[in-house]
Amino acid sequence: MSTQALLEKIRSIWIYRVAHSMARGMDVRANFVKELEQFFSLLEQAVATGDPAWLDSILSEWAASPTQSDLEQGKNTVTALLSKMIIVTNEVARETLTEGETLNLLIDLIPIYTHLLDKATRLEMETRITYISKELVRVQQQLEQLDRTKSNFISVAAHELKTPLTLIDGYTTMMRDMLDNAGQNQFNDLLVGMNKGVRRLHEIIDDMIDVSVIDNDLLSLTLQQTTVTHILNLLKEELIDAVLERKQKLEIKRFSGADTWIFVDTERFYQALRNVLTNAIKYTPDKGKIIIDGRTLPGFIEITVKDSGIGIAPEHQTAIFEKFAQLGRPNLHSTGKTKFKGGGPGLGLPITRGIIEAHGGTIWVESEGYDEQKSPGSTFHILLPIRTESPDPKIEKLFPLEAPDEQEKEELHGQENT
Ligand code: ADP
């Protein structure tokens with residue numbers, strides 16, 4: 001008997017069995033039996049011509065229309081269906097045909113099923129990859145939307161908080177003046193405390209506004225000529241009291257590039273360095289040491305701020321530059337700006353990174369790890385492009401580019417150690 005005749009013999013029982021066995025395990029399409037009939041006719045054509053490609057189009061159709069739950073669960077339904085067909089073919093042939101007929105049928109069908117399985121695997125893989133890629137894009141968009149919402153929230157909250165805070169600030173100052181004038185300075189300490197709290201709140205709100213400005217790529221730089229030494233000296237002046245209070249040692253080394261006149265946004269760059277330095281003070285125990293050093297690299301000045309503090313775990317060394325990285329450790333939050341481990345809202349380093357990156361630079365940290373007992377320390381590296389050309393030729397005319405003389409250099413360096 002020819003293979004086509006053998007197929008015709010098992011046709012109806014084959015379709016019935018395949019339809020019912022799959023019905024238990026998977027979602028059955030409404031016209032599944034019709035599709036199986038069509039498949040079987042194409043299988044007969046494939047056997048007659050010896051060309052399995054007859055079945056390609058129906059296979060592609062099946063592979064391209066998986067259900068959402070199949071995709072979510074990663075089920076390969078067409079491959080599973082083909083495997084079931086092979087089992088059913090074998091069973092039905094053994095029950096209906098002689099041993100010799102079964103063997104002849106299987107010999108003709110095996111190459112066709114192999115081709116189908118191979119093609120189905122490929123098609124289903126492609127469908128799955130397309131699905132996963134789309135899912136990735138969707139999740140990415142969701143994350144971006146979430147980040148935008150977060151950033152908008154920060155911006156709105158910061159602006160809303162600023163107005164009442166300014167009122168409180170004004171009234172506290174007025175109260176202080178009035179009580180002073182009335183000779184009632186027994187409230188002075190309380191009012192000084194209130195002023196301090198209000199100032200800290202102002203700083204936090206300003207940081208929130210800065211973060212949203214950076215997030216929305218709205219940070220604009222006003223470039224002016226200065227030297228790193230000059231900025232470091234100003235910074236030292238501001239922070240020296242905190243350093244002394246914590247009995248720490250701050251050393252600013254002389255390094256190549258520190259006296260080069262470069263164009264930076266002095267205020268923003270100062271703010272960036274202040275964040276790194278206040279952190280160094282905050283996360284270094286009393287009597288610890290902070291060393292600021294650096295060097296010139298081709299096209300860049302590298303500034304390093306090294307402390308002998310509690311260090312940073314490797315898994316947090318990238319996250320700390322993301323906004324609110326500190327939120328995971330609310331027990332560390334405090335109002336003290338330079339108090340040991342006095343964690344803030346976690347906005348300082350994201351702002352610093354935003355400022356440095358806006359200058360075309362980069363910042364990263366190196367630390368052996370976090371250990372409050374051993375204090376392995378951290379070193380923050382800042383790479384700043386050496387920009388010696390004025391972005392605006394008019395400014396250069398007003399402030400001609402001129403290196404400081406030796407005496408000026410001495411003055412800029414000031415005292416090296418405290
Ligand atoms: P915060 O307001 O919490 O100080 P930052 O953005 O300035 O926020 O810093 C984020 C976190 O990075 C800090 O909470 C702290 O855990 C860690 N960190 C920053 N600088 C140091 C440092 N020099 N030594 C140890 N940990 C640091």
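Preceding this paragraph is the structure being described.
Residues numbered from 1 in each chain as written. Predicted model: local features only at pLDDT ≥ 70, side-chain atom pairs only at ≥ 80, totals over all residues. Heavy atoms only, no water.

**So, the overall build of the protein chain**
- Tallying secondary structure elements over the protein chain gives twelve helices and seven strands in all.
- A burial count over the protein chain gives 43% of its 418 residues as buried.
- The contacts of the protein chain with a sequence gap of at least 6 include a subset with a gap of at least 24, amounting to 76%. (Helix = DSSP H or I, 4+ residues; strand = E, 2+ residues; numbered from the N terminus. Buried < 20%, exposed > 50% of the residue type's maximum accessible area, 1.4 Å probe, protein only. Contact = heavy atoms within 4.5 Å.)

**Quick word on the pattern of salt bridges**
- Taken as a whole and assessed by the stated rule, the structure comprises 17 salt bridges.
- Put simply, Glu 91 and Arg 17 hold a salt bridge, and the shortest N to O gap is 3.8 Å. Of the two residues, Glu 91 sits in helix α5 (residues 77–96) while Arg 17 sits in helix α1 (residues 3–25), which places them 74 residues apart along the sequence.
- According to the relative accessible area criterion, Arg 17 is partly exposed, its value standing at 25%.
- Here Arg 353 makes a salt bridge to Glu 322, at a shortest N to O gap of 3.6 Å. Of this pair, Arg 353 sits in helix α10 (residues 348–358) while Glu 322 sits in the loop between β5 (300–307) and α10; the two residues are 31 residues apart in sequence, bridging distant segments of the chain.
- By relative accessible area, which is 26% here, Arg 353 ends up partly exposed.
- Here Glu 322 falls in the partly exposed class, since its relative accessible area comes to 39%.
- By sharing partners, the salt bridges in this structure join Arg 17, Glu 91 and Glu 95 into a single network. (Salt bridge = Lys/Arg side-chain N within 4 Å of Asp/Glu carboxyl O.)

**Some thoughts on α5**
- Between the first and last C-alpha of α5 there are 28 Å, a value that for 20 residues agrees with the 28 Å anticipated at 1.5 Å per step.
- Buried within α5 are the following residues: Thr 77, Val 78, Thr 79, Leu 81, Leu 82, Met 85, Val 88, Thr 89, Val 92 and Ala 93. (Expected span 1.5 Å × (residues − 1).)

**Here's the deal with the packing of aromatic side chains**
- One pass over the structure, following the stated rule, counts four aromatic pairs.
- With centroids separated by 6.1 Å and ring planes inclined at 0°, the aromatic side chains of Trp 14 and Phe 39 adopt a geometry described as stacked. Linking Trp 14 in helix α1 with Phe 39 in helix α2 (residues 32–49), this pair joins segments that are 25 residues apart in sequence. Each member of the pair Trp 14 and Phe 39 is classed as buried.
- Judged by centre distance (5.5 Å) and plane angle (20°), the rings of Phe 39 and Trp 62 are stacked. With a gap of 23 residues between them, Phe 39 in helix α2 and Trp 62 in helix α3 (residues 56–64) connect regions that are remote in the sequence. Residues Phe 39 and Trp 62 agree in their burial class; the two are buried.
- Taken together, the ring pairs connect Trp 14, Phe 39, Phe 40 and Trp 62 into an aromatic cluster. (Phe/Tyr/Trp six-rings, centres within 6.5 Å; stacked < 30°, edge-to-face > 60°.)

**Here's the deal with helix α8 (residues 228–245)**
- Counted at 1.5 Å a residue, the expected span for α8 with its 18 residues is 26 Å, and the 25 Å between its end C-alpha atoms agrees.
- Taken as a whole, α8 carries its principal kink of about 50° at Leu 239.
- Trailing α8 by a residue or two, Lys 247 shows a phi angle of about 55°, which is positive. (Bend = angle between axes of the 7 residues up to and from the residue.)

**Quick word on unusual backbone geometry**
- The backbone of Asp 217 sits at a positive phi, close to 55°, despite the residue not being glycine.
- Relative to the assigned elements, Asp 217 resides in the loop between α7 (188–215) and β1 (224–226).

**Examining the packing of α3 against α5**
- Relative to each other, α3 and α5 sit at 130°, their axes nearing to 9 Å. By the angle between their directions, the pair α3 and α5 is classed as oblique. Touching Leu 59, Trp 62 and Ala 63 of α3 are Val 78, Leu 81, Leu 82 and Met 85, all from α5.
- When the residues that make up the contact of α3 with α5 are grouped by side-chain class, the tally is seven nonpolar, no polar and no charged. (Axes fitted to C-alpha atoms, helices over the stretch in contact; angles between N-to-C directions. Parallel < 35°, antiparallel > 145°, perpendicular 65-115°, else oblique. Nonpolar A, V, L, I, M, F, W, Y, C, P; charged D, E, K, R; others polar.)

**Points about the sheet that holds strand β2 (residues 249–252)**
- Strand order in this open sheet of five strands is β2-β4-β5-β7-β6, and the pairing throughout is mixed. Of all strands in the sheet, those with a lone pairing partner are β2 and β6 (362–367), marking the two edges. For this sheet the average axis-to-axis angle between neighbouring strands, irrespective of direction, equals 15°.
- Of the pairings in the sheet, the one linking strand β4 (residues 289–297) to β5 comprises eight bridges and is antiparallel in character. Bridge pairing links Ile 290 to Asp 307 in β5.
- In the packing of helix α9 (residues 266–282) onto the sheet, the strands contacted are β2, β4, β5, β6 and β7 (378–385), and the crossing angle to β5 comes to about 25°. (Pairing = 2+ DSSP bridges.)

**Some words on empty space enclosed by the protein**
- One pass over the structure, following the stated rule, counts two cavities of 30 Å³ or more.
- Empty space within the largest cavity amounts to approximately 90 Å³.
- Along the walls of the largest cavity sit Trp 62, Ala 63, Pro 66, Asp 70, Leu 71, Lys 75, Asn 76, Thr 77, Glu 124, Thr 127 and Arg 128, which together make up its complete lining.
- Elements that contribute at least two residues to the lining of the largest cavity include exactly α3, α4 (68–73) and α6 (99–181).
- The greatest single-element share of the lining of the largest cavity, amounting to three residues, is contributed by α6.
- Classifying every residue of the lining of the largest cavity gives four nonpolar, three polar and four charged. (1 Å grid on protein atoms, 1.4 Å probe; cavity = no way out; pocket = protein on both sides within 12 Å on 5 of 7 lines; lining within 4 Å. Points joined across faces, edges and corners; volume = space filled by probe spheres on them.)

By themselves, these figures tell us nothing about what the structure is for.
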